[in-house]
Structures are given as C-alpha cells and as structure tokens.
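Chain by chain, the residues run as shown.
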Amino acid sequence: MKVKLILLSLLCSLASFGQMQDLMNLSKGEIVYSSILYDSNENLYGYFYLYQTDKTSSKTMKFEYVVLDKNLNKVNNGEFEGMKEDYLLYSRFDDCTLMGDKLILDKIYYTQDAIILNTIRIISLKDNNISNEKRIIDGKFTDFDPITELKKIRTKATFSTSYERSFINSYCNEQKSGMFVHSATLYGTSSYSNPSNMNFYNSDLKQ
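Residues numbered from 1 in each chain as written. Predicted model: local features only at pLDDT ≥ 70, side-chain atom pairs only at ≥ 80, totals over all residues. Heavy atoms only, no water.

Brief notes about the overall build of the chain
Defined as follows: Numbering goes from the N terminus for both helices and strands, where a helix is a DSSP run of H or I of at least four residues and a strand is a run of E of at least two. Any residue under 20% of the maximum accessible area for its type is buried, any over 50% is exposed, and the rest in between are partly exposed; the area is computed with a 1.4 Å probe on protein chains only. Here, two residues are considered to be in contact whenever any of their heavy atoms come within 4.5 Å of each other. Throughout, the Shrake-Rupley method with a 1.4 Å probe supplies accessible areas, and for residues the shown protein chains are the sole cover considered.
For the chain, the count of helices and strands is 2 helices and 12 strands. Along its sequence from the N terminus, the chain presents helices and strands in the succession α-β-β-β-β-β-β-β-β-β-α-β-β-β. Taken over 207 residues, the chain has a buried fraction of 41%. Looking at the chain alone, contacts between residues at least 24 apart form 39% of all its contacts between residues at least 6 apart. For the chain, the accessible surface area stands at approximately 12,300 Å², while carbon and sulfur atoms represent 50% of it.

As structure tokens, this is what we get:
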C-alpha cells in the first residue's frame, strides 16, 4: 500500500511539473503580469499571462498576451506595443478583468512621487483584436499615445499646483459589468483629493 501511495504521489508531482514547464514555455519573453480570470458569476474562467518579448525601438517594447482556460489549455494570444520606461517615468500593468467576451487590461503610469494616470486596452476574445490605449478626457474614452502625451502630463504633475485627472476601475458581477470612472484633483506630487464625480461605462465604453 505504501508503495502505491508513493508511486501515486510521484505521478502527481510529475504531472504538476509538466504543467509548470508548459506555462514557462508559453512565450519566449519575460513575464511581466499575470491574473486569474473569473466570469460574471465569479466562477473560474482561466488565466491571463503577459510577456515582454522584445524591444522594437528606443521608445517602444513589444508585449505578448496568452489566455488559458481553467484546464490550462491555450485559447487566445496576441501582441501589441507599449512605451519603454525611462529613468523618470515608470509603468505597470495593474488589473485584467473579464467582461463577457472582452478583457479590460489596466495600466498605471507613475513617477517616483505620484501616480500620473491610468489607461486601458480592450482585448476581444472573439477575434484577438486589441484596442489602442485609452484614457478618459472630458468624460469620454479617447485614444492615448503615451510617447507624445506623457511628457506634458508629467510636467504638470511635477511642477504645477494642481491638475485634474481620472481613475478607471474595472468592475464585473452577475448583474452588471463595466468601468467606474471618477475624477479627482492631484495637487503637485501629493496624494489626490476625494473624487469630484463618478460615472459608469460598459465594456463598449458607453456611459
């Protein structure tokens, strides 16, 4: 009986090791973010992995995402480009939420002193289409080019007395899924004030 238990444990260990090896070989890049995905009923849907794969220029990096179902089968993948960090400006992928047949991928830009803003990309699980980065401007989701826009915003965050910015928070449950967006005022490099207003948008970016 002991021999059978030892053999069974060994087989389970080998199976787990094989699964881990498969995860490590999903992409040639370096993993920079991962998330567990749940559907609107809070049941496990699968797993999201994001890899930094290559440098496409002095200013941009290439990323590859991979989506696995709950049985660790690869069901989606695609690529997009993002801004390369510099010594004054940093970024991180902060959240990935499943909304129906779409993923909402949230990214934060920040300096050593303050969070500057956050943006989203929408990934379609139907056709692997990936949107441009988007942020909220005057209550509307607008395409955002970090390479050209962040320098101006960073200057405001560092040197001016205050400026308005918006925060995007993905949200999903059985009744409703979408994004809460609230505006707040950032004072120089200090923390932001209480939200001045809040709106709710669905996964099609309609208020």
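Here we look at the pairing of strand 7 (residues 115-124)
Rules: By definition, two strands form a pair when at least two bridges between them are found by DSSP.
With respect to burial, strand 7 is a largely interior element, 9 of its 10 residues being buried. Pairing analysis gives 9 bridges linking strand 6 (residues 102-110) to strand 7, with the strands arranged antiparallel. Across the sheet, residue isoleucine 108 finds its bridge partner in strand 7, namely asparagine 118. In this structure, the hairpin formed by strand 6 and strand 7 is closed by a connection of 4 residues.

Focus: the confidence of the model for the chain
Note the following rule: Known as pLDDT, the predictor's per-residue confidence is scaled from 0 to 100.
Considering every residue of the chain, the mean pLDDT works out to 76; 68% of them sit at 70 or more. Between the elements of the chain, mean pLDDT differs from a low of 45, seen in helix 1 (residues 2-24), to a high of 92, seen in strand 1 (residues 30-38). The model gives residues 1-18 a pLDDT under 50, and that stretch makes 0 contacts with residues more than four places away or in other chains.

As for the environment of cysteine 172
One can find cysteine 172 in strand 10 (residues 163-172). Residue classification places cysteine 172 among the partly exposed residues on the basis of a relative accessible area of 23%. In sequence terms cysteine 172 and tyrosine 38 are 134 residues apart; their C-alpha atoms lie 9.1 Å from each other. Among residues more than four places away in sequence, those in contact with cysteine 172 are Ser40, Thr97, Leu98 and Ser177.

Topic: the packing of aromatic side chains
What counts, and what does not: By convention, a stacked pair of Phe, Tyr or Trp rings (six-membered ring in the case of Trp) has centres within 6.5 Å and planes under 30 degrees apart, an edge-to-face pair has planes over 60 apart, and any other such pair is tilted.
According to the stated counting rule, one finds 7 aromatic pairs in the structure shown. Judged by centre distance (5.6 Å) and plane angle (25 degrees), the ring pair of phenylalanine 63 and phenylalanine 80 falls under stacked. Separated by 17 residues along the polypeptide, phenylalanine 63 in strand 3 (residues 60-69) and phenylalanine 80 in strand 4 (residues 74-83) bring together distant segments of the chain. Judged by relative accessible area, which is 5%, phenylalanine 63 ranks as buried. Pairwise contacts between aromatic rings join Tyr33, Phe48 and Tyr65 into one cluster.

Some words on the pattern of salt bridges
Our working rule: When a carboxyl oxygen of Asp or Glu lies within 4 Å of a side-chain nitrogen of Lys or Arg, that pair is called a salt bridge.
Per the counting criterion, the structure on display carries 5 salt bridges. Across the pair aspartate 101 and lysine 126 runs a salt bridge, and its minimum N-O distance is 3.5 Å. Of this pair, aspartate 101 sits in the loop between strand 5 (90-99) and strand 6 while lysine 126 sits in the loop between strand 7 and strand 8 (134-137), placing them 25 residues apart in sequence. Note on aspartate 101: relative accessible area 30%, which makes it partly exposed. The partner of glutamate 133 in a salt bridge is arginine 121, with the nearest N and O atoms 3.7 Å apart. One end of the pair, glutamate 133, is in the loop between strand 7 and strand 8; the other, arginine 121, is in strand 7, with 12 residues separating them in the sequence.

Looking at unusual backbone geometry
The phi angle at asparagine 128 is positive, at roughly 65 degrees, despite the residue not being glycine. On the secondary structure map, asparagine 128 appears in the loop between strand 7 and strand 8. Its identity is not glycine, yet leucine 205 carries a phi of approximately 70 degrees, on the positive side. Take leucine 205: it is sitting in the segment after strand 12 (197-201).

Side note on the nonpolar core
The condition is simple: Residue types Ala, Val, Leu, Ile, Met, Phe, Trp, Tyr and Cys, when buried and joined through side-chain atoms within 4.5 Å, form a set referred to as a nonpolar core.
Counting 17 residues, the largest nonpolar core has Phe48, Leu50, Leu103 and Leu105 as the members making the most contacts within it. Secondary structure elements with two or more residues in this core: strand 1, strand 2 (44-55), strand 3, strand 5 and strand 6. Filtering out sequence-adjacent residues up to four positions away, leucine 103 remains in contact with Leu37, Phe48, Val67, Cys96, Thr97, Leu98, Arg121, Ile122, Ile123 and Leu125. With 11 residues, the next largest nonpolar core counts Ile122, Phe141, Met179 and Tyr201 among its residues.

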